[in-house]
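Okay, here's what each chain looks like letter by letter:
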Amino acid sequence: MNTPKTAAWVVRKIIEAREDVKQMRPVHNSLISILESLVKQGKFQIQKAYVQMEPQFPKVVWKSIHLHTHIHPRFKFHLWLAIHQRIATVDTLIKFGIQVPLECVFCANNMETFDHLYFGYPKTNKLWDRVLKWQGIAREIGSWQNELSWMSSLAKRKNCKAVMTTAVFAMVVYCIWRERNSIRFNKGGYNMDDLCKEIAIHMHIQGRKKTKWQKELESLNNFP
């Protein structure tokens, strides 16, 4: 049905909305049955219609981490890049034809890849292991995908330790990349003890504003 040119704008919008409703129609269902499903107690549910008109995408396992409210914005942005493996590691730059030194700046033995940088290299693996043990969590550190899956599951919990561990994970991911850039571009060095202290101090400062963290932080009165 074509919209009459002389129709009022309200009428035009109603007629145009008909096409949107048609797109929601499942197979073998009539337009009337679709509209009836959007009515509750005699009232049309606009919210229900809006949700059905939205495109549906598969859920991602890391949603619980990235929607966490206790992660510093800087760490959260870098974590998003890391989850999508969009950070400029050597193997990624080579794919774009950019010539850079191949060696990992931490070990100088292996080619720098994303999986090597994130927990494939013993020292970055050890950093994550140390801050976990500092929080009373003992587990064998796996690959990036293993750690991301484990953290995604942990981030769904509401207890204090799970919330703090999620925040720590994001900071560890950021600090590894920051130290990598410092070594590569500024001739910096990698000091794991200093990083552990920085993470611990950051968590204590952040925890001052969170009353639910106080009891947990009292037990974390030392450095990792």
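All residue numbers refer to position in the chain's written sequence, counted from 1. Per-residue local features of the predicted model are confined to residues with pLDDT of at least 70, and side-chain atom pairs are confined, for both listing and counting, to 80 or more; whole-chain, interface and lining totals are unaffected and use all residues. The basis for every side-chain value is the complete set of non-hydrogen atoms in the structure, without hydrogens or water.

**Student:** Just to check I follow, could you spell out the side chain of Thr 89 for this structure?
**Tutor:** Helix and strand labels come from DSSP, where a helix needs a run of H or I of at least four residues and a strand needs a run of E of at least two; each type is numbered from the N terminus. One can find Thr 89 in the loop between helix H5 (73-83) and helix H6 (90-95). According to the relative accessible area criterion, Thr 89 is buried, its value standing at 0%. Each residue's exposure class comes from its accessible area (1.4 Å probe, protein chains only) as a fraction of the maximum for that residue type: buried when under 20%, exposed when over 50%, partly exposed otherwise.

**Student:** For this particular structure, what's the right way to read the state of the cysteines?
**Tutor:** Note on terminology: disulfide describes a covalent bond linking the sulfur atoms of two cysteines. A pair of cysteine sulfur atoms is labelled a disulfide when the two atoms are within 2.5 Å. For the structure shown, the criterion picks out 0 disulfides. Unpaired in this structure, Cys 160 has its nearest cysteine sulfur neighbour in Cys 196, at a distance of 20 Å. Owing to a relative accessible area of 18%, Cys 160 belongs among the buried residues under this scheme.

**Student:** Looking at this model, I keep getting lost on unusual backbone geometry. Mind explaining?
**Tutor:** The phi angle of most residues is negative, glycine excepted, and most peptide bonds adopt the trans form. Even without glycine at this site, Gln 85 takes up a positive phi of about 50°. In this fold, Gln 85 is placed in the loop between H5 and H6. Positive phi, normally seen in glycine, also occurs at Lys 187, with a value near 55°. Relative to the assigned elements, Lys 187 resides in the loop between helix H10 (160-186) and helix H11 (192-207). A residue is classified by how much of its surface remains accessible, and Lys 187, at 75% relative accessible area, is exposed.

**Student:** What am I meant to see in the packing of aromatic side chains here?
**Tutor:** Note on ring pairs: Phe, Tyr and Trp rings are taken, using the six-membered ring of Trp, and paired if centres are within 6.5 Å. Classes follow the plane angle, with under 30 degrees stacked, over 60 edge-to-face and the rest tilted. According to the stated counting rule, one finds 11 aromatic pairs in the structure shown. Ring centres 5.1 Å apart and planes at 40° place the aromatic pair Phe 75 and Tyr 174 in the tilted group. You can see Phe 75 sitting in helix H5 and its partner Tyr 174 sitting in helix H10, a full 99 residues away along the chain. Accessibility expressed as a relative area gives 4% for Phe 75, which makes it buried. On the basis of an interplanar angle of 50° and a centroid distance of 5.4 Å, the ring pair of Tyr 118 and Trp 144 is categorised as tilted. Taken together, the positions of Tyr 118 in helix H7 (residues 114-120) and Trp 144 in helix H9 (residues 144-154) put the pair 26 residues apart, joining distant regions of the chain. Under the relative-accessibility criterion, Tyr 118 is labelled buried at 0%. By way of ring pairs, the aromatic residues Phe 114, Tyr 118, Phe 119, Trp 128, Trp 144 and Phe 169 are connected into one cluster. Looking at Arg 139, its charged tip hangs above the ring of Trp 150, at a distance of 4.1 Å from the centre. For a ring to carry a charge above it, either NZ of a lysine or CZ of an arginine must fall within 6 Å of the ring centroid while also lying within 35 degrees of the normal to the ring plane. Residue placement shows Lys 210 over the ring face of Trp 213; its charged tip is 5.6 Å from the ring centre.

**Student:** Sorry, what's going on with H5 here?
**Tutor:** For an α-helix the count is 3.6 residues per turn, leaving residues at separations of three or four pointing the same way. Every buried residue belonging to H5 is among Phe 75, His 78, Leu 79, Leu 81, Ala 82 and Ile 83, and all of these are buried. Any pair of residues with heavy atoms lying within 4.5 Å of one another is described as a contacting pair. Turning to H5, the residues buried within the fold contact helix H4 (63-66), H7, H9, H10 and H11. Positive backbone phi, at 50°, marks Gln 85, one or two positions downstream of H5.

**Student:** What's the story with the pattern of salt bridges in this structure? I'm lost.
**Tutor:** If charged atoms from side chains of opposite charge come close, those side chains can pair. Every case where a carboxyl oxygen of Asp or Glu lies within 4 Å of a side-chain nitrogen of Lys or Arg is listed as a salt bridge. Following the criterion strictly, the structure yields 8 salt bridges and no others. A salt bridge links Asp 129 to Lys 126, with the shortest nitrogen-to-oxygen separation between them at 3.9 Å. Linking Asp 129 with Lys 126, this pair stays in helix H8 (residues 122-134), spanning 3 residues, or about one helical turn. Take Asp 129: its relative accessible area is 10%, and that puts it in the buried class. Asp 193 serves as the salt-bridge partner of Arg 130, at 2.9 Å between the closest nitrogen and oxygen. Taken together, the residues span a long stretch of sequence, with Arg 130 in helix H8 and Asp 193 in helix H11 at a distance of 63 residues. Salt bridges here are not isolated pairs; linked through shared partners, they connect Glu 112, Arg 180 and Arg 184.

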